[in-house]
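Chain residues, written in single-letter form:
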Amino acid sequence: MPTEQGKEQDSSRPAAARVGRRRALLAGGAVLAAGIGAAAGELAADDRADGRATADAPPAAIPFHGVRQAGVMAPQQPATHLLSFDLPRTSAAADRKTLRGVLGALTGTLATVTSDAPPDPRLQGGTTTRLTSLVGIGPSLAARLGLGVPASLTELPSFPGDRLDPRRSDGDLLVQLCAADRWTLTVVAELVGAAAHAAGAVPRWTQSGFMPHTAPGTTPRNLFGSRDGTANPDRTAAEQWVWNPSGAHRNGTVLVYRRIHMDVAGFATLPEAHRDRAIGRRARDGAPLSGTAEHDEPDIYAKNPDGSYVIPATAHVRLASPRFDRGARMLRRSYSYDDGPTDRGLLFCAFMRDPAQFTRVQNRLAARDALNPFLQHRASAVAYVLPGAASAGTLGEQLWT
Ligand code: HEM
């Protein structure tokens, strides 16, 4: 039985606000598929059954406060903006104080801009922006200041083929904003950047991304034309693989971000059957080559009469299969980016308990993924996504224990 996200939120909020959150989740079904797969259909069906779909009233804002930050599991919105910041390096005591100030400033700003009535007139368009956010701490800052983060939070190793630009990578603090439209993100990014800067943080890089609007229950496509996000964990599996289980880090997770350049034109020159074999799924309907429907589990052991694998040895979904990782799954909520005619690709954003899971998968992919001739990893970041803030609380209170 899937857990309802609203139940994980701050129980001190009024009942009306909790209903508002549930409605916001339901209303977001149109863009949920990339985030939590099958759960999308279940929630959308729920909505139809109780007849409360609200064509007349815009859905309520997605609350900022709660035990978990909303930017991880709330319905995936079509636009994203990431902001990375560094803190000045003075003394550990002074830098801890600065960090407290920055987290306080971010909490205040994000709570305000995600509310039903944000004060900035540029956010008062008469319809909800469905803004969600998350704030994370980079591994090097955590180590430098001795912060209370999971022991597994470390920098990623370098992988064969990496061409990482340090000016677009890493950072002490990472903020991800997601919303229904680019306008909202531009305004909110400005407010967030100003608040963080006033509190002592220095901007490092920003990156915007987008994905197609999709019908309810369908998975958005990436720039290669594939459905991307099909095999994501549902909410029950996410409890096992995405969220930290207990103790101070409960309700936190880790975000792995990779900015991956895609040779879209080059991939398009391959015959359709070659492209499908490179992925291990059919682009047309998203079904694995071993199955007939999108949500069929890829059978990586199925063989053709000649003894070859139906899902080829170098197919992306074979190499990324959880079967090689004792069933471990990551929650992928990727976006496309377009930074000019020669630089388009995927902002791979995945949530997991332990970034070592990403390292294991990426080592297999870097060694022999059939997509490799068409991909180049150009930026990278890892961040511990903090537990949420209670209604009177501040993000990051667990860092100081
Ligand atoms: C631009 C680069 C990439 C593209 C175009 C891409 C595309 C895809 C596609 C089309 C699928 C199948 C549909 C789905 O289940 O979502 C998929 C699955 C998957 N990908 Fe990627 N991917 C990319 C990079 C990565 C990276 C860097 C990782 C992790 C290191 C990764 C991990 C996975 C995983 C875990 C699955 C699900 C496998 C399964 O459970 O069947 N992908 N990807």
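Just so you know, these numbers come straight off a predicted model, no measurement behind them.

Reading guide: rules and limits
- Residues numbered from 1 in each chain as written.
- Predicted model: local features only at pLDDT ≥ 70, side-chain atom pairs only at ≥ 80, totals over all residues.
- Buried ≥ 20, exposed ≤ 12 C-beta atoms within 10 Å, placed from the backbone.
- Helix = DSSP H or I, 4+ residues; strand = E, 2+ residues; numbered from the N terminus.
- Expected span 1.5 Å × (residues − 1).
- Contact = placed C-beta atoms within 7 Å.
- Near = placed C-beta within 6 Å.
- Nonpolar A, V, L, I, M, F, W, Y, C, P; charged D, E, K, R; others polar.
- pLDDT = per-residue confidence, 0-100.
- Axes fitted to C-alpha atoms, helices over the stretch in contact; angles between N-to-C directions.
- Parallel < 35°, antiparallel > 145°, perpendicular 65-115°, else oblique.
- Left-handed = near helix turned anticlockwise from the far one by under 90°.
- Core = buried A, V, L, I, M, F, W, Y, C linked by C-beta atoms within 7 Å.
- Pairing = 2+ DSSP bridges.

Novice: What am I meant to see in helix 9 (residues 272–279) here?
Specialist: Residues three or four positions apart in an α-helix share a direction because the helix packs 3.6 residues into each turn. Every buried residue of helix 9 is accounted for by Arg 275, Asp 276, Arg 277, Ala 278 and Ile 279. Immediately beyond the C-terminal end of helix 9, within one or two residues, lies Gly 280, with a positive phi of roughly 95°.

Novice: Would you take a moment to explain helix 4 (residues 92–113) for this structure?
Specialist: An ideal rise of 1.5 Å per residue puts 32 Å on 22 residues; helix 4 measures up with 31 Å between its terminal C-alpha atoms. Among all positions in helix 4, only Leu 99, Val 102, Leu 103, Ala 105, Leu 106, Thr 107, Thr 109, Leu 110 and Val 113 are buried. Packed against the buried residues of helix 4 are strand 2 (132–137), helix 5 (139–145), strand 3 (173–179) and helix 6 (182–198).

Novice: Looking at this structure, how should I read the site of the ligand?
Specialist: Around the ligand there are 27 residues in total, and Ser 226, Thr 230, Ala 231, Ala 320 and Leu 346 lie nearest to it. Looking at the shell around the ligand, the elements with two or more residues in it are strand 5 (253–262), helix 10 (316–319), strand 8 (344–352) and helix 11 (356–368). Top contributing element to the shell around the ligand by residue count: helix 11, with 4 residues. Tallied by class, residues from the shell around the ligand come to 16 nonpolar, 7 polar and 4 charged.

Novice: Can you help me understand the confidence of the model for the chain in this one?
Specialist: Any residue range with low pLDDT should be treated as having predicted coordinates unsuitable for detailed reading. Residue-level pLDDT values for the chain average 87, and 86% of them are 70 or greater. Taken together, the stretch residues 1–54 has pLDDT below 50 and engages in 119 contacts with residues farther than four places along the chain or on a different chain.

Novice: What is the right way to look at the packing of helix 4 against helix 6 in this model?
Specialist: Each packed pair of helices is defined by two parameters, the angle between the axes and the distance between the axes. Here helix 4 crosses helix 6 at 155°, and the two axes come no closer than 8 Å. Compared by their axis directions, helix 4 and helix 6 come out roughly antiparallel. With respect to the hand of their crossing, helix 4 and helix 6 are arranged in right-handed fashion. Where helix 4 approaches helix 6, its residues Val 102, Ala 105, Leu 106, Thr 109, Leu 110 and Val 113 are matched on the opposing element by Val 188, Leu 191, Val 192, Ala 195, Ala 196 and Ala 198. When the residues that make up the contact of helix 4 with helix 6 are grouped by side-chain class, the tally is 11 nonpolar, 1 polar and no charged.

Novice: In this structure, what is going on with the nonpolar core? I would like to understand it.
Specialist: Judged by nonpolar contacts, the single largest core of 85 residues is most densely connected at Leu 106 and Phe 351. For Leu 106, the contacting residues outside a window of four places in its chain are Val 135, Val 175, Val 192, Ala 195, Ala 196 and Leu 395.

Novice: Would you explain the pairing of strand 3 in this entry?
Specialist: Two faces belong to every sheet, and in a regular strand the side chains alternate between them. Taken across its 7 residues, strand 3 has 7 buried, putting it largely inside the fold. Residue alternation in strand 3 divides its side chains into two sets, Leu 173, Val 175, Leu 177 and Ala 179 and Leu 174, Gln 176 and Cys 178, and both sets are buried. Relative to strand 3, strand 1 (residues 79–86) is paired through 7 bridges, and the arrangement is antiparallel. Paired with Leu 83 across the strands is Val 175, a residue of strand 3. Direction of pairing for strand 2 relative to strand 3: antiparallel, over a ladder of 6 bridges. Along strand 3, the bridge assignment pairs Thr 132 with Cys 178.

Novice: I would appreciate a short explanation of the pairing of strand 9 (residues 375–385) in the present structure.
Specialist: Of all 11 residues in strand 9, 9 are buried; the element is thus mostly enclosed. Pairing analysis gives 10 bridges linking strand 5 to strand 9, with the strands arranged antiparallel. Within strand 9, the position partnered with His 261 by the bridge is Gln 376.

Novice: What am I meant to see in the environment of Ala 142 here?
Specialist: Here Ala 142 lies in helix 5. The exposure class of Ala 142 is partly exposed, given the 19 C-beta atoms found within 10 Å. It is 8.5 Å that separates the C-alpha atoms of Ala 142 and Leu 153, two residues lying 11 residues apart in sequence.

Novice: I keep staring at the environment of Thr 128 and nothing clicks. Help me out?
Specialist: For Thr 128, the position within the fold is in the loop between helix 4 and strand 2. You can call Thr 128 buried: it has 20 C-beta atoms within 10 Å. In this structure the C-alpha to C-alpha distance between Thr 128 and Thr 184, which are 56 residues apart in sequence, comes to 10.0 Å.

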